[in-house]
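# Fold and geometry: a report
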Amino acid sequence: MAWLLVAAVALCAAAPAHAAGQGKELVFGVFPRWNAPFTVRDFTPLAHELSRELGRPVRVETDKDFDSFMRRVYAGEFDIVHLNQLQYLQAHRVAHYRAIAKICNDSACTIRAIIVVRRDAHFKTIADLRGKTIAFGDPGAMVSYVLAKSVLAKSRLRPGEYKTIFTKNPPNALLAVYNGEADAAGVGPAALQQPEILRRIDVHQLMILAESRPIPHLPVAVRGDMDRGLALRIQRILTGLANHADGRKILADIGIERFETANDRQYRVVKELMEGPDR
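Residues numbered from 1 in each chain as written. Predicted model: local features only at pLDDT ≥ 70, side-chain atom pairs only at ≥ 80, totals over all residues. Heavy atoms only, no water.

## Thoughts on empty space enclosed by the protein
Tallied over the full model, the rule gives 1 cavity of 30 Å³ or more. The computed volume of the largest cavity comes to approximately 160 Å³. Contributing to the lining of the largest cavity are 19 residues, with Phe31, Arg33, Val143, Ser144 and Pro170 lying nearest its centre. The element that contributes the greatest number of residues to the lining of the largest cavity is helix 5 (residues 142–154), accounting for 3 residues. Class assignment for the residues of the lining of the largest cavity results in 12 nonpolar, 5 polar and 2 charged. (1 Å grid on protein atoms, 1.4 Å probe; cavity = no way out; pocket = protein on both sides within 12 Å on 5 of 7 lines; lining within 4 Å. Points joined across faces, edges and corners; volume = space filled by probe spheres on them. Helix = DSSP H or I, 4+ residues; strand = E, 2+ residues; numbered from the N terminus. Nonpolar A, V, L, I, M, F, W, Y, C, P; charged D, E, K, R; others polar.)

So this is what it looks like as structure tokens:
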């Protein structure tokens, strides 16, 4: 009896340690591309699927703005991160995150910036925005700032020749144009399809004035010190979602078609934009 009691105590002591090693919670950080409550809501089904497949809890977190989010990335608070291309370059350089997947809505898995204006403003070219007010999502936004500015620069419209305002996220930039607080907005095409935008404005009153060159779409990355076997499992779960009905529903909640594999090399093209004369 004494031996059995000792054995039972030993098993009870060992079991939690084993469970903790296998079931350690993973934190999935998602950059505040949209408003925080919508971001957490939309990505929570994906976190649940990852948790089910991995056999360990996965929790979605975001933050109030890009700066706050990136401070947490640099501190290594997230095991998995979904972020923009500029943020990925910084996360890879500073905290050694590595890309494993990217979102896709077309065959090329790329994204462009667009410059949006009101139809009744009668702007015809980017040059017509000289002296006007242009809204961007955030100074740290790859599409809604860096890439959008490249459209202006290509048409020889330089900073100082227009007034810049920041609205924290792309939907707010569109709202600024719609409400007459800005003459144009730099955003990604997906901003025009956001449920929040479709509920609040008539998008047919807006038009695309110009668009940028394509770059690889938004990445998902993992901590640099994550076990490669675990990283590969996460990659396979993400890229396999489009192959079953439940997965397609999860993708629809996020507003994307599928995930494809990605790596750091694919995002080196973004460095060219960061080394331009306006950065």
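## Describing the pairing of strand 8 (residues 163–166)
Where strand 7 (residues 133–136) lies against strand 8, 4 bridges are found, and the strand directions are parallel. Residue pairing for strand 8: Ala135 is matched across the bridge by Ile165. You can see the chain leave strand 7, run along helix 5 and come back into strand 8, and the turn it takes is right-handed. (Pairing = 2+ DSSP bridges. Right-handed = clockwise from strand over helix to strand, strands pointing away.)

## Considering the sheet that holds strand 10 (residues 206–211)
Read from one edge of the open sheet, 5 strands run 8-7-9-6-10, paired in mixed fashion. A strand with exactly one partner marks an edge of an open sheet, and here the two such strands are strand 8 and strand 10. Direction aside, the axes of adjacent strands within the sheet are offset by 30° on average. Two elements, strand 6 (residues 114–118) and strand 9 (residues 184–187), share 4 bridges in a ladder whose sense is antiparallel. Of the residues in strand 9, the one forming a bridge with Val116 is Ala185. Of the strands in this sheet, strand 6, strand 7, strand 8, strand 9 and strand 10 are in contact with helix 5, which crosses strand 7 at around 145°. Helix 6 (residues 170–178) contacts strand 6, strand 7, strand 9 and strand 10 of the sheet and is inclined by roughly 165° relative to strand 9. (Axes fitted to C-alpha atoms, helices over the stretch in contact; angles between N-to-C directions. Contact = heavy atoms within 4.5 Å.)

## Focus: the sheet that holds strand 1 (residues 26–30)
One open sheet accounts for 6 strands, arranged 2-1-3-12-4-13; its pairing is mixed. The open sheet terminates on both sides in strands that have one partner only, identified here as strand 2 (58–61) and strand 13 (258–261). Averaged over all pairs of adjacent strands, the angle between strand axes in this sheet comes to 25°, irrespective of strand direction. Pairing between strand 1 and strand 3 (residues 80–82): 3 bridges, direction parallel. Residue pairing in the sheet places Phe28 in a bridge with Ile80 of strand 3.

These figures come from the coordinates and say nothing about function on their own.
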